[in-house]
Amino acid sequence: MDKLVIKGGTPLEGSIRVSGSKNASLPILMASILLEEPVIFRNVPRLRDIYTTNKLLGILGCPAEFEGDSVYVKPCDLNPEAPYDLVKTMRASVLCLGPLLARLGEARVAYPGGCAIGARPVDLHLSALEKMGAEFELDSGYIVGRCKQLTGAHIRFDFPTVGGTENLLMAATLAKGETVLENAAREPEVIDLANFLCACGADITGQGTDVIRIRGVERLHGCDYRIMPDRIEAGTFMVAAAITKGNLLIEDCPDDALDAVSQKLRDMGLSVVSEEGGTRVKYQGHLESTDIVTHPYPGFPTDMQAQFMALMCVADGFGMVEETIFENRFMHVLELVRMGADVRLVGRTARVRGGRALRGAPVMASDLRASASLVLAGLAAEGETHVQRIYHLDRGYERIEEKLCPVGADIQRVPE
Ligand code: UD1
């Protein structure tokens, strides 16, 4: 496995381009199971999770192939089984459940296990699909679902689950009658999925609000669809500009989806301005700490929490980070402490005393965004940081060093 060797201390300057969104691509690619015609997706990031999704789609009867940054999918004879070997490497595989039930009336999807950031059950997905007429049983570690035809239902989620909203949105497009999803997730990726489905002939309104209405249609056709840019990758680059006291123009930055992140950066003293060609994030001579509480969209995203914590470690003053979405999303804390950070954990809150000079060290993390926070810390640290197990990083960032080096970072990918 490779590791990244980072020599920190250089302000990042120049332009950096954001790739297509991983978290929008995953459900949108999975939605091809619903279609009766070929479909083309543009702006798809070449990431490990996307390759896994393409492989899964192939097994499910929808061969998917990359050409440049486009993926071509040709739905043909569907097969209802998503095997454990793939599901265990990517939890989002469970997003094939709704589409398979809608198209085939059956699905056999390996039950996703726990993951590094918590238990992450799928009970909300299953109980909502049950309201639409599906029945489930657990067989040898597989969720086995069956239905005659899904029928529209009124569903109120106990929590605005992103994956649950996406699974139900897909299932309801081909159901009989109208489905109403209340307390639905409002994430931009959910909107992108709904927009894609509408481009294929679905009848959906209310995406982006907490009440989504879906009127079932007979069939969905193919289309040519461009996936939205990745707001978390963009946010990570924003923090890279801030933590290195730099000045970056972030191209194809989904500004509207980043309000909470941009506001926090401004609170910390950065200039964040939309200009022709992108969003410019510029250090203005000082960096003040802040407080963060993660919330469902439009609140501060849990997927940016670790990166902001790295920034708060070097900012002046004291700040608190409260994680309300996942129960175990602080794996980066001990690694940051190894680099000289002063962070204390009390339950789901981290207390960060800033103003520390970080020093390079060998570090590793067992989740995607935690790994990104260590890369950011490495960019700000004195000396060399060795980020190990970058397997996780590669799940969510398209060769991050090839994007950061042209703007001044000193990062090398070397065999561990
Ligand atoms: C998605 C994102 C992930 C992001 C998260 C929250 C993808 C592929 N992943 O994950 O990057 O961090 O949204 O913004 O888009 N829960 C239940 N029961 C359920 C479903 C969820 O208890 O049936 C809990 C989870 O354990 C978690 C919380 O709800 O604690 C949020 O989960 P959810 O919004 O579903 O996130 P994901 O779709 O898994």
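Only a predicted model underlies this, so the values are computations on that prediction, with no experimental measurement involved. (Residues numbered from 1 in each chain as written. Predicted model: local features only at pLDDT ≥ 70, side-chain atom pairs only at ≥ 80, totals over all residues. Heavy atoms only, no water.)

Let's shift gears to the side chain of Arg91. Topologically, Arg91 is positioned in the loop between helix H3 (84-87) and helix H4 (97-104). Asp123 provides the closest opposite charge to the buried, salt-bridge-free Arg91, at an N-O distance of 7.7 Å. From its side chain, Arg91 meets the backbone oxygen of Pro121 in a polar contact 3.5 Å long. (Helix = DSSP H or I, 4+ residues; strand = E, 2+ residues; numbered from the N terminus. Buried < 20%, exposed > 50% of the residue type's maximum accessible area, 1.4 Å probe, protein only. Lys, Arg positive; Asp, Glu negative; His and termini not counted. Salt bridge = Lys/Arg side-chain N within 4 Å of Asp/Glu carboxyl O. Polar contact = N/O pair within 3.5 Å; in protein donor to acceptor, adjacent residues only side chain to side chain.)

Put simply, helix H5 (residues 123-131) and helix H6 (residues 162-173) touch, their axes get as near as 8 Å, and they point 25° apart. Judged by the inter-axis angle, H5 sits roughly parallel to H6. When you trace H5 past H6, the crossing you get is right-handed. Along the contact surface, H5 presents His125, Ala128 and Leu129, while H6 presents Gly163, Gly164, Asn167, Leu168 and Ala171. Looking at the contact of H5 with H6 residue by residue, the class counts come to four nonpolar, four polar and no charged. (Axes fitted to C-alpha atoms, helices over the stretch in contact; angles between N-to-C directions. Parallel < 35°, antiparallel > 145°, perpendicular 65-115°, else oblique. Left-handed = near helix turned anticlockwise from the far one by under 90°. Contact = heavy atoms within 4.5 Å. Nonpolar A, V, L, I, M, F, W, Y, C, P; charged D, E, K, R; others polar.)

To continue, consider helix H11 (residues 331-338). Buried within H11 we find Met331, His332, Val333, Glu335 and Leu336. Residues of H11 that are buried make contact with helix H10 (305-314), strand S20 (342-346), strand S22 (362-364) and helix H12 (368-380).

Okay, the nonpolar core next. Counting 78 residues, the largest nonpolar core has Phe41, Phe196 and Leu197 as its most contacted members. With sequence-adjacent residues up to four places away left out, Phe196 is seen in contact with Ile28, Ala31, Leu35, Val39, Phe41, Cys223 and Tyr225. The next biggest cluster of nonpolar side chains, apart from the first, holds 66 residues, and it includes Val281, Ala310, Val343 and Leu404. (Core = buried A, V, L, I, M, F, W, Y, C linked by side-chain atoms within 4.5 Å.)

Glancing now at the sheet that holds strand S9 (residues 142-146). If you trace the four strands from one edge of the open sheet to the other, you get S6-S7-S9-S8, paired in mixed fashion. One side of each edge strand has no neighbouring strand; the edge strands of this open sheet are strand S6 (81-82) and strand S8 (135-139). Sheet topology places S8 next to S9; five bridges connect them, and they run antiparallel. Bridge pairing in S9 links Leu138 to Ile143. Sheet strands in contact with H4 are strand S7 (106-110), S8 and S9, and its direction is about 160° off that of S7. (Pairing = 2+ DSSP bridges.)

Inspection of the region around the ligand gives 18 residues, with Asp123, Leu124, Thr161, Asp303 and Ile325 positioned closest. Contact between the ligand and Arg91: an oxygen atom at 3.3 Å from a side-chain N or O atom of the residue. In this structure, an oxygen atom belonging to the ligand sits 2.8 Å away from a main-chain N or O atom of Gly163. When the ligand is considered free in solution it has 740 Å² of accessible area, and contact with the protein chains removes 84% of it. Elements with a contribution of two residues or more to the shell around the ligand: helix H1 (22-30), H5 and H6. For the shell around the ligand, the element with the most residues is H5, which contributes three residues. Partitioning the shell around the ligand into residue classes produces eight nonpolar, five polar and five charged. Each of domain 1 (2-16 + 230-415) and domain 2 (24-221) gives at least three residues to the shell around the ligand. (Near = heavy atom within 4 Å. Areas by Shrake-Rupley, 256 points an atom, 1.4 Å probe, with all protein chains shown as cover. Domains from an automatic or database assignment.)

Our next topic: unusual backbone geometry. The amide bond that connects Tyr297 to the next residue, Pro298, takes the cis arrangement and shows omega of 10°. By the secondary structure assignment, Pro298 is in the loop between strand S18 (292-293) and H10. Residues other than glycine seldom take positive phi values, yet Asp252 does so here, at roughly 60°. Mapped onto the fold, Asp252 is located in the loop between strand S15 (247-251) and helix H9 (259-267). Given a relative accessible area of 26%, Asp252 falls into the partly exposed group. Residues other than glycine seldom take positive phi values, yet Arg399 does so here, at roughly 30°. Summarising the element assignment, Arg399 is placed in the loop between helix H13 (391-396) and helix H14 (400-404). A residue is classified by how much of its surface remains accessible, and Arg399, at 40% relative accessible area, is partly exposed.

Okay, the packing of aromatic side chains next. The full count for this structure, using the stated rule, is four aromatic pairs. Here Phe41 and Phe196 contribute two aromatic rings whose centre-to-centre distance is 5.3 Å and whose plane-to-plane angle is 50°, an arrangement assigned as tilted. Residue Phe41 is located in strand S3 (residues 39-42), and its partner Phe196 is located in helix H7 (residues 188-199); the two are separated by 155 residues in the primary sequence. Across this residue pair, the class does not change: Phe41 and Phe196 are buried. When the centroid spacing of 5.0 Å and the interplanar angle of 80° are considered together, the rings of Phe300 and Phe308 count as edge-to-face. In this structure, Phe300 and Phe308 share a single accessibility class: buried. These aromatic residues form a ring-pair network of at least three members: Phe41, Phe196 and Tyr225. Taking NZ or CZ as reference, Arg46 lies 4.3 Å from the ring centre of Phe66, over its face. A cation sits over an aromatic face here: Arg108 above Tyr142, 4.6 Å from the ring centre. (Phe/Tyr/Trp six-rings, centres within 6.5 Å; stacked < 30°, edge-to-face > 60°. Lys NZ or Arg CZ within 6 Å of the ring centre and 35° of its normal.)

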